[in-house]
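Residues per chain, in single letters:
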Amino acid sequence: LSIVNRFCWGKFKCVFPGFQFQLSLVNIDLFLNMLPEHFAPYLQKKNITLNVSAKENIYAYADETSFYQSVLRRLVHNAIKFSRIGGSIDIKTRHDEQYVYIDIIDRGMGLTDDGIQMMYQIRKKYIRTGTSGEEGLGMGINLAKIFMHKYGGRLTFFHTNPAPGLTVTIVLKK
């Protein structure tokens, strides 16, 4: 685990020497368009298609480093982990006057209603094995939620329709 992960997980706060959030307007479509290349080996291994349809020049407030590394990549990694071989994942953006919404839509294992409720509880770990036996520590979503809180944003979780699957929406202030 990285130093940020260890400190944030231990106290459920990101308070340690030398780490400061630097909120700024972040180019969301730039980050989204980096994802297919970043995950290419994992996507190829599971024969999963990652479709990114990002509107151009969408900006939102976040810390550039932690958003890309600890929120966006973590959530897309989870979507791949829980997607079936040969499946697909869609990433779409939308916005209104106040917020930017990034929808990560998979058609994988999905979650039960209880599982979705656990996603909203910051101190609960929810550990599951991926569709190809990938293991996790159950900390990734909690860390992403902590960062989103620091940005003044949030994560939402919905059943993908048609089921099974999960839609995770990142909500950031414009």
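Residues numbered from 1 in each chain as written. Predicted model: local features only at pLDDT ≥ 70, side-chain atom pairs only at ≥ 80, totals over all residues. Heavy atoms only, no water.

1. Things to note about the confidence of the model for the chain
Filter applied, for reference: Note: pLDDT gives the predictor's confidence per residue, expressed from 0 to 100. For the purposes of this entry, the term helix denotes a DSSP run of H or I that reaches at least four residues, the term strand denotes a run of E that reaches at least two, and both are numbered from the N terminus. Here, two residues are considered to be in contact whenever any of their heavy atoms come within 4.5 Å of each other.
Counting all residues, the mean pLDDT for the chain is 85, and 86% of those residues have values of 70 or more. For the chain, per-element mean pLDDT is lowest for helix α1 (residues 3-11), which scores 44, and highest for helix α3 (residues 40-46), which scores 97. In this model, residues 1-17 is a region of pLDDT below 50 whose contacts with residues beyond four sequence positions or in other chains number 27 contacts.

2. A few points about the packing of helix α4 (residues 64-81) against helix α6 (residues 140-151)
Cut-off, in case you're wondering: For helices, the axis comes from a line fit to the C-alpha atoms of the stretch in contact; other axes are also lines fit to C-alpha atoms, and the angle between any two N-to-C directions lies between 0 and 180 degrees. An angle counts as roughly parallel when it lies under 35 degrees, as roughly antiparallel when it exceeds 145, as roughly perpendicular when it falls between 65 and 115, and as oblique in every other case. If you view the pair so one helix is near and one far, a crossing is left-handed when the near helix is turned anticlockwise from the far one by less than a right angle, and right-handed when it is turned clockwise.
Following both chains from N to C, one finds α4 and α6 inclined at 140 degrees, their axes separated by 9 Å at the closest point. Here α4 is positioned oblique relative to α6, judged by the angle of their axes. Considering how the two elements wind past one another, α4 and α6 form a crossing that is left-handed. Counting all contacts with α4, which are made through S66, F67, S70, V71, R74, L75 and N78, the residues of α6 involved are G140, I141, L143, A144, F147, M148 and Y151.

3. Some remarks on the packing of aromatic side chains
Put simply, the rule reads: Here a Phe, Tyr or Trp ring, Trp counted by its six-membered ring, pairs with any other such ring whose centre lies within 6.5 Å, and the pair is stacked when the planes are under 30 degrees apart, edge-to-face when over 60, and tilted otherwise. Burial here depends on accessible area, computed with a 1.4 Å probe over protein chains only, as a share of the maximum for the residue type. Under 20% is buried, over 50% is exposed, and the range in between is partly exposed. For a Lys NZ or an Arg CZ to count as sitting over a ring, it must be within 6 Å of the ring centre and within 35 degrees of the ring normal.
The final tally for this structure, using the stated rule, is four aromatic pairs. The interplanar angle of 65 degrees and the centroid separation of 6.4 Å between the aromatic rings of F67 and Y151 together place this pair among those described as edge-to-face. Here F67 is found in helix α4, whereas its partner Y151 is found in helix α6, with 84 residues between them in sequence. Residue F67 shares its accessibility class with Y151, and that shared class is buried. Feature note: the residues F31, F67, Y68 and Y151 constitute an aromatic cluster, connected by ring pairs. The ring of Y99 carries R154 above its face, with NZ or CZ at 5.6 Å from the centroid.

4. What about the sheet that holds strand β6 (residues 154-159)?
Across a sheet, strands are paired by hydrogen bonds formed along the backbone, either parallel or antiparallel in direction. Heads up, the rule is: A pair of strands is treated as paired once DSSP finds two or more bridges between them.
Read across the open sheet, the five strands follow the order β2-β4-β5-β7-β6; overall the sheet is mixed. Across the chains shown, the open sheet's two edge strands, defined by having one partner strand only, are β2 (49-53) and β6. Averaged over neighbouring strand pairs, the angle between their axes works out to 15 degrees when direction is ignored. Of the strand pairs in this sheet, strand β5 (residues 99-106) and strand β7 (residues 166-173) are connected by eight bridges, and their pairing is antiparallel. Bridged to I105 within β7 is T167. Sheet strands touched by helix α2 (residues 28-38): β2, β4 (88-95), β5 and β7. Its angle to β2, the strand with the most contacts, is close to 165 degrees. With respect to the sheet, α6 is in contact with β6 and β7, its orientation differing from that of β6 by roughly 130 degrees.

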